[in-house]
Amino acid sequence: MSSREPWSPSSWQERRAGQQPHWPDTGALEGSLKTIAEMPPLIFAEECRSLQTHLGQVAAGNAFLLQAGDCAESFEEFSADNIREKLRVILQMAIILTYSVGVPTVKVGRMAGQFAKPRSSDFEKVGDLEIPSFRGHIVNDPTTTEAARMPDPERLVQAYNQSASTLNLLRAFTKGGFADLSRVHAWTQEFVAASPQGQRYEQLASEIERALSFMRACGIETEQNASLSEVDVFTSHEALILGYEEALTRKDSLTGEWYDCSAHMLWIGERTRELDGAHVEFLRGVGNPIGCKVGPTTTAEYLIELCETLNPSRIPGRLTLITRMGADKIEDGLRPLLRAVTDSGHPVVWACDPMHGNTFTAPSGRKTRHFDDVLREIGGFVRAHRAEGTWPGGIHVELTGDDVTECLGGSEELDDTQLDDRYQTICDPRLNGRQSVDLAFRVAELIRDFT
Ligand SMILES: O=C[C@H](O)[C@H](O)COP(=O)(O)O
Ligand SMILES: C=C(OP(=O)(O)O)C(=O)O
């Protein structure tokens, strides 16, 4: 099929592209895309190859993937504090997983480019009016007026600029001392510290601190050791707006391969994963590690064809299959897929997105998810892997470092009446800092029992 046909950064344009905005002014769109095409790449190809090597370790069962961050990044909630708080919670979760499971955690943020949202409907009803749906700040504004929802190509350039600044700070934090293991206590936020999971984290942090002191007492240099003082946090987003992705696709001078330089890893969403569609066509040709969401309607035949199309050379770490079936469907739905992919010999990373199959509207009218469903989906995912003898390679979650009230449950037993307190997401509900740390401990237990 298409995987054998010639590919170019624009060959997706000959395919059907779902979920694309209806830009009203094509001249302005072309202008923005030209501007972006002349901008420097956001990432280097070599970093993508490094991530692919790490993910190859996940595929082989020797590491665990934590892919986490915002549902949709916001132009308005853009600040150093915001980036730092998100990084803090990712570092906390990663250290919990690494320490408790005993394998390296590969950290990939839904950050520095996660702006575009696919929607179930092109329109939203507001009173008697039907206005275009909000599709993420890279496209339009969430305010419920026709004018605000008009796609604006200037936003593509703003998304590029915000991604560049976010990545810049992320690199500074991860390589400049903030992520040093000796600061493990400092990653806890005040509102998390007082909670039971915050205290559990403090205990783990103290154990790590004691281990570091012990290493120093034995004469092992811990201070100048890059593997203890720096971390790699890679970036990722859904490659949804294909004009934007094409504008950032560059040929690597070292290998002659094409890379989508908007992020280290890109994924295809559940709504745009048709085998002959534009999103699969675009991503099959770039050298980045890529992901694809795997929803409850996925068949084994489809999945094998997808693997053949996206990873014909069967490179470990190239392809991550991110299941999102819902807590009730995952265990039975996943097992035949695990069997088929294993039989085909494709070396994939299996990751569990326990968020997108468990969204519902609460009586208050708020879109939400329950912490228990999130945990149940991961439990089913792990059980399916145990039954089939495969490695439950990672989790993919929507979270924020802030003290939001968007997902129900968790140790604070957040209920529907509290959702309005601090419901700040611009699209889907995210786990708050406490729920995220709690989840990391629970996942670590599940995986530790597995090994
Ligand atoms: O985040 C994912 C999707 O964009 C979102 O779940 C779609 O939501 P909708 O069903 O409200 O359009
Ligand atoms: C839209 C998303 O997920 P899905 O494609 O699985 O619905 C997402 O991860 O933001």
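Residues numbered from 1 in each chain as written. Chains lettered and ligands numbered in written order. Predicted model: local features only at pLDDT ≥ 70, side-chain atom pairs only at ≥ 80, totals over all residues.

### Brief notes about the overall build of the protein chain
So, point 1. Each helix and strand in the protein chain was counted, giving 13 helices and 14 strands.
So, point 2. Relative to a compact globule of 451 residues, whose C-alpha radius of gyration would be 22 Å, the protein chain shows 21 Å and is just as compact.
So, point 3. With respect to the principal axes defined by its C-alpha atoms, the protein chain has extents near 65 × 50 × 45 Å.
So, point 4. By residue count, 47% of the 451 residues in the protein chain fall in the buried class.
So, point 5. Once local pairs closer than 6 in sequence are excluded, the contacts in the protein chain between residues at least 24 apart make up 77%. (Helix = DSSP H or I, 4+ residues; strand = E, 2+ residues; numbered from the N terminus. Rg over C-alpha atoms; globule rule 2.2 N^0.38 Å. Buried ≥ 20, exposed ≤ 12 C-beta atoms within 10 Å, placed from the backbone. Contact = placed C-beta atoms within 7 Å.)

### Here we look at the UniProt feature "binding site: phosphoenolpyruvate" (unreviewed entry) in the protein chain
So, point 1. Taking the UniProt record as the reference, the feature "binding site: phosphoenolpyruvate" (unreviewed entry) is found at Arg110, Glu270, Arg271, Lys293 and Arg324.
So, point 2. Mapping Glu270 onto the fold places it in the loop between strand S8 (265–268) and helix H9 (278–284).
So, point 3. By C-beta crowding, Glu270 is classed as buried, having 20 other C-beta atoms within 10 Å.
So, point 4. Sequence-distant contacts of Glu270, that is, excluding residues within four places in its chain, are made with Lys293, Gly295, Arg324 and His356.
So, point 5. Among the secondary structure elements, Arg271 is positioned in the loop between S8 and H9.
So, point 6. In contact with Arg271, not counting residues within four places along its chain, are Gly18, Gln19 and Pro118. (UniProt positions renumbered as here; feature names shortened; annotations may be inferred.)

### As for the UniProt feature "binding site: Mn(2+)" (unreviewed entry) in the protein chain
So, point 1. The UniProt entry lists Cys71, His356, Glu398 and Asp428 under the feature "binding site: Mn(2+)" (unreviewed entry), expressed in the numbering used here. Over a stretch of 358 residues, the named residues converge on one spot in the fold, their C-alpha atoms separated by at most 10.2 Å.
So, point 2. If you trace the backbone, Glu398 turns up in strand S14 (residues 394–398).
So, point 3. A tally of 26 C-beta atoms within 10 Å means that Glu398 is categorised as buried.
So, point 4. Residue contacts for Glu398: discarding those within four places in its chain leaves Asp70, Cys71, Met355, Asp428, Arg430 and Leu431.
So, point 5. Checked against the element boundaries, Asp428 lands in the loop between S14 and helix H13 (433–450).
So, point 6. When neighbours within four sequence positions are excluded, Asp428 is seen to be in contact with Cys71, Thr359, Lys367 and Glu398.

### Details of the site of ligand 2
So, point 1. Around ligand 2 sit Cys71, Pro118, Glu238, Gly269, Glu270, Arg271, Lys293, Arg324, Asp353 and His356, and that is every residue in its neighbourhood.
So, point 2. The residue inventory of the shell around ligand 2, partitioned by class, reads 2 nonpolar, 2 polar and 6 charged. (Near = placed C-beta within 6 Å. Nonpolar A, V, L, I, M, F, W, Y, C, P; charged D, E, K, R; others polar.)

### Points about the packing of helix H3 (residues 80–101) against helix H6 (residues 196–217)
So, point 1. Remark: H3 packs on H6, axes separated minimally by 11 Å, with the N-to-C direction vectors making an angle of 65°. You can see that H3 and H6 cross each other, and the crossing is left-handed. Note on element contacts: H6 touches H3 through Tyr201, Leu204 and Ile208, opposite Gln92, Ile96 and Tyr99. (Axes fitted to C-alpha atoms, helices over the stretch in contact; angles between N-to-C directions. Left-handed = near helix turned anticlockwise from the far one by under 90°.)

### A short note on the sheet that holds S8
So, point 1. In spatial order, the strands read S1-S2-S5-S8-S9-S10-S11-S14; together these 8 strands close into a barrel with parallel pairing. Between one strand and the next, the sheet's axes are offset by a mean angle of 25°, whatever the strand orientation.
So, point 2. For strand S5 (residues 233–238) and S8, the ladder comprises 3 bridges, and the chain directions are parallel. When the bridges of S8 are listed, Glu238 appears paired with Trp267. (Pairing = 2+ DSSP bridges.)

### Let's talk about the environment of His264
So, point 1. Secondary-structure assignment places His264 in the loop between strand S7 (258–260) and S8.
So, point 2. On the basis of neighbour count, His264 is assigned to the buried category, with 30 C-beta atoms found within 10 Å.
So, point 3. For the pair formed by His264 and Asn311, sequence separation is 47 residues and the distance between their alpha carbons is 17 Å.
So, point 4. The residues touching His264, leaving out its near neighbours within four places in the chain, are Ile43, Glu47, Cys48, Leu51, Phe234, Thr235, Ser236 and Asn288.

### Thoughts on the nonpolar core
So, point 1. The biggest cluster of nonpolar side chains holds 110 residues, and the ones touching the most others in it are Leu65, Leu66, Ile90, Met93, Leu97 and Leu283.
So, point 2. If one sorts the elements of this core by residue count, H3 sits on top with 10 residues.
So, point 3. Those residues in contact with Ile90 that sit more than four places away from it in its chain are Leu66, Ala68, Lys107, Gly109 and Val233. (Core = buried A, V, L, I, M, F, W, Y, C linked by C-beta atoms within 7 Å.)

### Describing the confidence of the model for the protein chain
So, point 1. Per-chain confidence: the protein chain averages 95 in pLDDT, with 99% of residues scoring 70 or above.
So, point 2. Taken together, the chains of this predicted complex give a pTM of 0.96 and an interface ipTM of 0.97. (pLDDT = per-residue confidence, 0-100.)

### A closer look at the pairing of strand S1 (residues 64–69)
So, point 1. Along S1, 6 of the 6 residues are buried, which leaves the element largely enclosed by surrounding structure.
So, point 2. Judged by which residues are buried, S1 turns out to be covered on both faces: Phe64, Leu66 and Ala68 on one side and Leu65, Gln67 and Gly69 on the other are all buried.
So, point 3. In this fold, the crossover linking S1 to strand S2 (residues 105–110) by way of H3 has right-handed handedness. (Right-handed = clockwise from strand over helix to strand, strands pointing away.)

### Side note on the environment of Thr98
So, point 1. Summarising the element assignment, Thr98 is placed in helix H3.
So, point 2. Sequence spacing of Thr98 and Leu167 is 69 residues, and the spatial spacing of their C-alpha atoms is 24 Å.
So, point 3. Those residues in contact with Thr98 that sit more than four places away from it in its chain are Pro104 and Thr105.

### Quick notes on helix H2 (residues 45–59)
So, point 1. Helix length check: H2, at 15 residues, gives a terminal C-alpha distance of 21 Å against a target of 21 Å (1.5 Å per residue), a fit within 8%.
So, point 2. Among all positions in H2, only Ala45, Cys48, Arg49, Leu51, Gln52, His54, Leu55, Val58 and Ala59 are buried.
So, point 3. Directly beyond the C-terminal end of H2, a positive phi value near 85° is found at Gly61. (Expected span 1.5 Å × (residues − 1).)

### Observations regarding H6
So, point 1. The terminal C-alpha atoms of H6 lie 32 Å apart, and with 22 residues this matches the ideal 32 Å at 1.5 Å per residue to within 8%.
So, point 2. Those residues of H6 that fall on the buried side of the exposure criterion are Gln197, Gly198, Tyr201 and Ala205. Taken around the axis of H6, the buried residues stretch over an arc of 95°, which confines them to a single face. For H6, the exposed residues set more than 90 degrees away from the buried face come down to Gln203, Ser206, Glu207, Arg210, Ser213, Phe214 and Ala217.
So, point 3. Lining the buried residues of H6 we find H3, helix H5 (190–193) and H13.
So, point 4. Phi for Gly219, located one or two positions after H6, is positive at around 90°. (Arc of directions from axis to C-beta.)

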